[in-house]
Amino acid sequence: MNKIKAVTVHGGHNPQGKIACGASDYIDESREDRIITKKVIRLLKKNRIKAYNCTVNNGTSQTDVLRKICDKCNSKTRDIDISIHFNSAAHQKVQDGKTTGTEVWVRDTSGIKGDLGKRICNQLSKIGFRNRGVKTTSGLWVLNKTSKPALLIEVCFVSDPDDAKLYKANRDKVAKAIVQAILNYNKVH
Ligand SMILES: [Zn+2]
């Protein structure tokens, strides 16, 4: 029995308009990551899972933001850390009816990380985002410096009008999808 009983969630960057804020195109990453973070936390609590908002609003640089996020996460008793991001690529001018999609980054796929990452991708893809899958990297600060398994969710692309449109119509469903993945994980662990 290794259920997820407590979670930290944070938006990955400084607030919109400040130094080290996130990507901006059809939507603003730093605005949306906070909206999703709050919705996810509310839903987790509703489902009696402890949830802490570890978003940082006063970083002096990107490194400082990341350091402060990790300090906040590590100060909590929790099972996993979730980082909410939005992806960005070359600005796509026209809608083609296809999203660029959703992906989850982990340091490696062992334990909770790979299993939950896959569940999150699957749930988000049900909304209509292309499933780009779980990807591994040893190069992301937040995945390396938190002391618990960490997942970084790139919800969708700010640079693709199809992603932005689908996302804006489904903010609640995006949060629900992430929480549903955790609840489903808990059903089998
Ligand atoms: Zn980001």
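Bear in mind the structure is a predicted one, so any value in this text is a computation, not a measurement. (Residues numbered from 1 in each chain as written. Predicted model: local features only at pLDDT ≥ 70, side-chain atom pairs only at ≥ 80, totals over all residues. Heavy atoms only, no water.)

1. Observations concerning helix 1 (residues 29-46)
With 18 residues, helix 1 extends 26 Å from end C-alpha to end C-alpha; this agrees with the ideal 26 Å at 1.5 Å per step. Taken as a whole, helix 1 has its buried residues at Glu29, Ser30, Glu32, Asp33, Arg34, Ile36, Thr37, Lys39, Val40, Ile41, Leu43 and Leu44. Where helix 1 is buried, its residues touch strand 1 (6-11), strand 2 (50-53), strand 3 (80-87), helix 5 (161-168) and helix 6 (171-188). Phi turns positive one or two residues past the end of helix 1, at Arg48, with a value near 60°. (Helix = DSSP H or I, 4+ residues; strand = E, 2+ residues; numbered from the N terminus. Expected span 1.5 Å × (residues − 1). Buried < 20%, exposed > 50% of the residue type's maximum accessible area, 1.4 Å probe, protein only. Contact = heavy atoms within 4.5 Å.)

2. As for the sheet that holds strand 2
Pairing in this open sheet of six strands is mixed, and the strands run 2-1-3-6-4-5 from one edge to the other. Lying at the two open borders of the sheet, with one neighbouring strand each, are strand 2 and strand 5 (131-136). The sheet shows a mean angle of 20° between the axes of neighbouring strands, taken without regard to direction. Contacts from helix 3 (residues 111-127) reach strand 3, strand 4 (102-106), strand 5 and strand 6 (150-157) within the one sheet, and its direction differs from that of strand 5 by about 160°. With respect to the sheet, helix 5 is in contact with strand 3 and strand 6, its orientation differing from that of strand 6 by roughly 105°. (Pairing = 2+ DSSP bridges. Axes fitted to C-alpha atoms, helices over the stretch in contact; angles between N-to-C directions.)

3. Concerning the side chain of Arg78
Its location among the elements puts Arg78 in the loop between helix 2 (62-74) and strand 3. Of the residues examined, Arg78 reaches a relative accessible area of 5% and is grouped as buried. Within the structure, Arg78 has its side chain in polar contact with the side chain of Asn74 (distance 2.9 Å). Within polar-contact distance, the side chain of Arg78 engages the backbone oxygen of Lys76 at 3.2 Å. In contact with Arg78, other than residues within four places in its own chain, are Ala6, Val7, Thr8, Cys73, Thr146, Ser147 and Lys148. (Polar contact = N/O pair within 3.5 Å; in protein donor to acceptor, adjacent residues only side chain to side chain.)

4. A word on the coordination of the zinc ion
Only His13 (NE2), Glu29 (OE) and His85 (ND1) from the protein coordinate the zinc ion, and they sit 2.0 to 2.1 Å from it. Donor residues for the zinc ion sit on one chain with the sequence pattern H-x15-E-x55-H. With Glu29 in helix 1 and His85 in strand 3, the pair connects residues that are 56 residues apart, well separated along the chain. Residue classification places Glu29 among the buried positions, given a relative accessible area of 3%. (Donors = N, O, S within 2.8 Å, 3.2 Å for Na, K, Ca; no water.)

5. Side note on unusual backbone geometry
Phi at Ala20 is positive, roughly 60°, even though this residue is not glycine. Structurally, Ala20 can be placed in the loop between strand 1 and helix 1.

6. Regarding the UniProt feature "domain: MurNAc-LAA" (unreviewed entry) in the protein
Here, the residues flagged by UniProt with the feature "domain: MurNAc-LAA" (unreviewed entry) are residues 70-183. Counting secondary structure, residues 70-183 comes out at 42% helix and 24% strand; the distance between its end C-alpha atoms is 24 Å. (UniProt positions renumbered as here; feature names shortened; annotations may be inferred.)

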